[in-house]
Amino acid sequence: MSLAALLLLSDGRFPAGGHAHSGGAEAAVKAGRVHDSASMAAFLTGRLHTSGLTAAGLAAAAAAGQGHAELDEAADARTPAPALRATSRRLGRQLLRAARAAWPHPDLDRLAAGHPRGAHQPVVLGVAARAAGLTPGGAAAVAAYESVNGPATACVRLLGLDPYEVAAALARLGPQLDAVAAAAVEAASHHDVDRLPAASAPLLDLYAEQHHSWKVRLFAS
């Protein structure tokens, strides 16, 4: 597996648009559910084991070569909130553009041709990981990490949290990140979309719809 590609894909500076999204953290902050380092850590833990696990499973399956169209439909079924569906596809378009520039590959071209309005981000991530030489485990690890790193970074901006405390919270999540990635890879190994994780986070769905209606917001989601 290409360690350099793994680091690049998980780098927040990779031009895939993730820096503009809070992963529900902005709405959670406004609702008062996230207000300090401890509540942020709880939010990240919940997000990792729900939307993070689901995204990691889809990414691992795509990296393993499972059909793009089938996985995109599975991602759609696992994303009930219209606002989150739109966000996922928008991020998928941005990631695909960056991936095609970094790792030109026929699979990425086919994905672009098959989904002109954008495929879901975890599916694009898995295909990009495959094009970059990563294993399904690498793709799952990136997806799991993205599910917590973006919201954590957003909390620094939203709440003025100590960046060192936020980094420590992410470090403490390390074993759980590894466990989620491993579970995602095991589920993807069956090559059956019905066996991929479908963990739900209804409050994140509600937050996404509420956030979408705001006229003033710092993040796109």
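Positions within a chain are numbered from 1, following the residues in the order the chain's sequence is written. A pLDDT threshold of at least 70 governs which residues receive local features in this predicted model, and a stricter bar of 80 or more applies before side-chain atom pairs are shown or counted, although totals over entire chains, interfaces and linings include all residues. To get the side-chain values, all heavy atoms of the structure are used, and hydrogens and water are removed first.

1. Brief notes about the overall build of the protein chain
Okay, so step 1: Check the secondary structure of the protein chain and you find 11 helices and 0 strands.
Okay, so step 2: Reported as C-alpha extents along the three principal axes, the dimensions of the protein chain are approximately 45 × 35 × 35 Å.
Okay, so step 3: The buried share of the protein chain, reckoned over its 221 residues, is 51%.
Okay, so step 4: Counting only carbon and sulfur atoms, one obtains 57% of the accessible surface of the protein chain, whose full area is about 10,200 Å².
Okay, so step 5: Counted as positive: Lys and Arg. Counted as negative: Asp and Glu. His and the chain ends are not counted at all. By convention, the charge on Lys lies at NZ, on Arg at CZ, on Asp at CG and on Glu at CD. Separation of charge centres in the protein chain, based on 19 positive and 18 negative side chains, amounts to 7 Å. The numbering of helices and of strands both runs from the N terminus, where a helix is a DSSP run of H or I of at least 4 residues and a strand a run of E of at least 2. Each residue is assigned to one of three classes by its accessible area relative to the maximum for its type, calculated with a 1.4 Å probe on protein chains only: buried under 20%, partly exposed between the two thresholds, exposed over 50%. Per-residue and other accessible areas follow the Shrake-Rupley method at a 1.4 Å probe size, with only the shown protein chains counted as cover for residues.

2. A few points about the packing of aromatic side chains
Okay, so step 1: When the centres of two rings from Phe, Tyr and Trp lie within 6.5 Å, Trp using its six-membered ring, the rings pair. Their planes under 30 degrees apart give stacked, over 60 give edge-to-face, and anything left gives tilted. Enumeration over the complete set of coordinates arrives at 1 aromatic pair.
Okay, so step 2: Seen from the ring of Trp 214, Lys 30 lies directly overhead, with NZ or CZ sitting 4.3 Å from the centre. Charges are assigned to positions over rings by a cutoff of 6 Å between ring centre and Lys NZ or Arg CZ, combined with an angular limit of 35 degrees from the ring normal.

3. Things to note about unusual backbone geometry
Okay, so step 1: Even without glycine at this site, His 191 takes up a positive phi of about 55 degrees.
Okay, so step 2: The residue His 191 is located in the loop between helix H10 (174–188) and helix H11 (202–213) in this model.

4. Notes on helix H1 (residues 3–10)
Okay, so step 1: Among the residues making up H1, those that are buried are Ala 5, Leu 6, Leu 9 and Ser 10. The arc that holds every buried residue of H1, seen down its axis, measures 120 degrees, which confines them to one face. In this structure, H1 carries Leu 3, Ala 4 and Leu 7 as exposed residues pointing more than 90 degrees from its buried face.
Okay, so step 2: Residues of H1 that are buried make contact with helix H5 (82–102), helix H7 (121–131) and helix H8 (136–159). Directions from the helix axis toward the C-beta atoms define the arc. Two residues qualify as a contact provided that any one of their heavy atoms is within 4.5 Å of a heavy atom in the partner residue.

5. What about the side chain of Arg 47?
Okay, so step 1: Within the element layout of this structure, Arg 47 appears in helix H3 (residues 37–63).
Okay, so step 2: Buried charge without a partner: Arg 47 forms no salt bridge, and the closest opposite charge is Glu 146, 8.4 Å away. Put simply, a salt bridge is a Lys or Arg side-chain nitrogen that is within 4 Å of an Asp or Glu carboxyl oxygen.

6. Let's talk about the pattern of salt bridges
Okay, so step 1: By the definition in use, this model includes 7 salt bridges.
Okay, so step 2: Close ionic contact of Arg 89 with Asp 72 constitutes a salt bridge, the shortest N to O distance being 3.0 Å. On the criterion of sequence distance, the pair formed by Arg 89 in helix H5 and Asp 72 in helix H4 (residues 68–77) is long-range, its members being 17 residues apart. Each member of the pair, Arg 89 as well as Asp 72, is classed as buried.
Okay, so step 3: Notably, a salt bridge pairs Arg 85 with Asp 76, separated by 3.6 Å at the nearest N-O pair.
Okay, so step 4: Classification of Arg 85 by relative accessible area gives partly exposed; the value is 31%.
Okay, so step 5: Classification of Asp 76 as partly exposed rests on a relative accessible area of 22%.

7. With respect to the nonpolar core
Okay, so step 1: Put simply, buried Ala, Val, Leu, Ile, Met, Phe, Trp, Tyr and Cys residues joined by side-chain atoms within 4.5 Å make one nonpolar core. Ranked by size, the top nonpolar core spans 70 residues in total, and within it Leu 9, Met 40, Leu 44, Leu 71 and Trp 103 carry the most contacts.
Okay, so step 2: Considering each element in turn, this core owes the most residues, 13 residues, to H3.
Okay, so step 3: If we ignore the near neighbours within four places in the chain, the residues touching Met 40 are Val 34, Ala 152, Cys 155, Leu 161, Val 166 and Ala 169.

8. Structural notes on a negative patch on the surface
Okay, so step 1: Two distance rules govern patches: like charges are joined within 9 Å, and nonpolar side chains (Val, Leu, Ile, Met, Phe, Trp, Tyr) within 5 Å, applied only to residues with over 30% relative accessible area and no salt bridge. Taken together, the side chains of Glu 70, Glu 73, Asp 192 and Asp 194 present a region of like negative charge at the surface.
Okay, so step 2: If you trace the backbone, Asp 192 turns up in the loop between H10 and H11.
Okay, so step 3: Judged by its relative accessible area of 31%, Asp 192 falls in the partly exposed class.

9. A short note on the environment of Leu 111
Okay, so step 1: Relative to the helices and strands, Leu 111 is located in helix H6 (residues 106–114).
Okay, so step 2: For Leu 111, a relative accessible area of 0% corresponds to the buried category.

10. Describing the side chain of Gln 121
Okay, so step 1: Relative to the helices and strands, Gln 121 is located in helix H7.
Okay, so step 2: Apart from the residues within four sequence positions on either side, Gln 121 is in contact with Ser 88, Leu 91, Gly 92, Leu 95 and Glu 146.

11. Quick notes on the packing of H5 against H7
Okay, so step 1: Throughout, an axis means a line fitted to C-alpha atoms (over the contacting stretch in the case of helices), and angles, computed between N-to-C directions, take values from 0 to 180 degrees. At their nearest, the axes of H5 and H7 sit 7 Å apart, and the two run at 20 degrees to each other. The angle between H5 and H7 falls in the class roughly parallel. Pair H5 / H7 crosses with left-handed handedness. Where H5 approaches H7, its residues Ser 88, Leu 91, Gly 92, Leu 95, Leu 96 and Ala 99 are matched on the opposing element by Gln 121, Pro 122, Val 124, Leu 125 and Ala 128. Roughly parallel here means an angle under 35 degrees, roughly antiparallel means over 145, roughly perpendicular means 65 to 115, and every remaining angle is called oblique. A crossing counts as left-handed when the near helix is turned anticlockwise from the far one by less than a right angle, and as right-handed when that turn is clockwise.

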